[in-house]
Amino acid sequence: MDTYRIGNIGIRRVEEWQGEFLPPDQMFTGFSRELFDQHAAEFTPDFYHAEQDRYFGFLQSWLLDVTGTRILFDTGAGNDKPRPGIPLFGGLQTDFLQRLADCGARPEDIDIVVCSHLHVDHVGWNTRLIDGRWVPTFPRARYLFSAVDRAVWDPTIAQPCPSEIGAAVNQQVFEDSVAPLLEAGRAELIEDELELLPGIRLVPTPGHTPGHLMMHVTSGGEHALFVGDILHHPIQARYPDWNSVFCEHPVQARQTRREMLHQAAALEALVFPAHFGGQHCFRVSRDGNTLTPDLYPL
Ligand SMILES: [Zn+2]
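Below you will find a few notes about this structure. (Residues numbered from 1 in each chain as written. Predicted model: local features only at pLDDT ≥ 70, side-chain atom pairs only at ≥ 80, totals over all residues. Heavy atoms only, no water.)

### Quick notes on the nonpolar core
If you look at the biggest cluster of nonpolar residues, it comprises 65 residues, and the most contacted ones within it are Phe138, Met260 and Phe282. Counting residues per element, this core draws most heavily on helix 9 (residues 250-267), at four residues. With sequence-adjacent residues up to four places away left out, Phe138 is seen in contact with Leu72, Thr75, Leu97, Leu100, Pro107, Ile110, Val113, Trp125 and Tyr143. In this structure, Phe73, Leu197, Leu270 and Phe272 belong to the second largest nonpolar core, which totals 25 residues. (Core = buried A, V, L, I, M, F, W, Y, C linked by side-chain atoms within 4.5 Å. Buried < 20%, exposed > 50% of the residue type's maximum accessible area, 1.4 Å probe, protein only. Helix = DSSP H or I, 4+ residues; strand = E, 2+ residues; numbered from the N terminus. Contact = heavy atoms within 4.5 Å.)

In structure tokens, the structure reads:
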């Protein structure tokens, strides 16, 4: 499933990678095998490969056409990147740009790039390697991301402060995928909630990283929430207290996840996480404090 619509806003999914990742007991904190197994059938095979006991997920970007303005939300892992902290995403050679072209967008057609946060798998195609230098992939685009996340990882400022897990997975990421945008004058740092375009808001949703952003899209009375890594797997829509091991501020991540899910239920929003399989989006319903994800809402 690759094409979606919210009111008069067209949305395309641009896939970069799919595959098996960690076993669920290594993927989540607060994990209960018993609770997971109760729901495993709902997740198999689109979100979980039972025989291998592996989380199954995607790297994907979202291309929005907002009355002619093209927004790319999250940019995957990128090609050619050295990734000692997470070799699975190092040295990739995918045809992501061809898939983007198949959706009708060349690099020079992208007006705005938004990174939900600055982890390795959300910033990769910000840049590409040309003649031995990392240069912005989308030459006309404004690149928007959080000032807080920049401050966490930028080694040139006084006190970069990544968590242990953030420092581990993000080795070399800032240098090859974020710093070149700052140097080229193409980055715009988001401090607070921002109305990017009519019907498109960037909303701080801290926890997974300190500066994580969600994009709230509204058109024609419909809502979509592009939630990045607020959650990685549908089990977290049932049990919002389960963090991924990559969540940098665990208490805040749980609170943000719960708030987002309740908001999504109230708005009857389509929720687009960064890494979901299936139809790559879901809705959530709420009965008291019980949350139930509808994984095939279309
Ligand atoms: Zn991610």
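Having seen the model, we can carry on.
### Thoughts on the coordination of the zinc ion
Around the zinc ion, the protein supplies Asp121 (OD), His122 (NE2), Asp229 (OD) and His275 (NE2) as donor atoms, at distances of 2.1 Å. Between the four donor atoms coordinating the zinc ion, the angles at the centre fall across 86 to 156°, so the site counts as irregular. All donors of the zinc ion come from a single chain, and their spacing in sequence reads D-H-x106-D-x45-H. Its relative accessible area of 13% is what places Asp121 among the buried residues. (Donors = N, O, S within 2.8 Å, 3.2 Å for Na, K, Ca; no water. Tetrahedral: all angles 85-135°; square planar, octahedral: opposite > 155°, others 65-115°.)

### Quick word on helix 2 (residues 33-43)
Of all the residues in helix 2, the buried ones are Phe36, His39, Ala40 and Phe43. Here the buried residues of helix 2 occupy an arc of 150° about the axis, which is enough to place them on one side. Those residues of helix 2 that are exposed and angled more than 90 degrees off the buried face are Glu34, Gln38 and Ala41. (Arc of directions from axis to C-beta.)

### Here we look at the packing of aromatic side chains
Evaluation of the coordinates by the stated rule reveals 21 aromatic pairs. Seen in terms of ring centroids, Phe47 and Phe276 are 5.4 Å apart; in terms of plane orientation they differ by 75°. Their pairing is edge-to-face. Taken together, the residues span a long stretch of sequence, with Phe47 in the loop between helix 2 and strand 4 (48-49) and Phe276 in the loop between strand 17 (270-273) and strand 18 (283-287) at a distance of 229 residues. The class for Phe276 is buried, based on a relative accessible area of 1%. Taken together, the ring pairs in this structure connect Phe28, Phe31, Phe36, Phe43, Tyr48, Tyr239 and Trp242 into an aromatic cluster. Over the ring of Trp134 we find Lys81; its NZ or CZ atom is 4.5 Å from the centre of that ring. (Phe/Tyr/Trp six-rings, centres within 6.5 Å; stacked < 30°, edge-to-face > 60°. Lys NZ or Arg CZ within 6 Å of the ring centre and 35° of its normal.)

### Things to note about helix 9
With 18 residues, helix 9 ought to run about 26 Å at 1.5 Å a step, and its terminal C-alpha atoms sit 26 Å apart, in line with that. Restricting attention to buried positions, one finds in helix 9 the residues Ala253, Thr256, Arg257, Met260, Leu261, His262, Ala264 and Ala265. Two residues or fewer past helix 9, Glu268 is found with a positive phi of approximately 50°. (Expected span 1.5 Å × (residues − 1).)

### So, the environment of Gly277
Structurally, Gly277 is set in the loop between strand 17 and strand 18. Assessed through its relative accessible area of 0%, Gly277 is described here as buried. Spatially, the C-alpha atom of Gly277 lies 5.8 Å from that of Gly57, the residues being 220 residues apart in sequence. Apart from the residues within four sequence positions on either side, Gly277 is in contact with Asp46, Phe47 and Phe58.

### Comments concerning the sheet that holds strand 17
Whether parallel or antiparallel, the strands of a sheet pair through hydrogen bonds between backbone atoms. Pairing within the open sheet is mixed, and its five strands lie in the order 12-13-14-15-17. Strands at the two margins of the open sheet, each flanked by one partner only, are strand 12 (194-197) and strand 17. Neighbour to neighbour, the strand axes of the sheet diverge by 25° on average, direction disregarded. Note that strand 15 (residues 222-228) and strand 17 share four bridges and pair parallel. Residue Phe226 lies in a different strand from strand 17, and its bridge partner there is Phe272. Relative to strand 15, helix 9 is tilted by about 160°, and along the sheet it contacts strand 14 (213-219), strand 15 and strand 17. (Pairing = 2+ DSSP bridges. Axes fitted to C-alpha atoms, helices over the stretch in contact; angles between N-to-C directions.)

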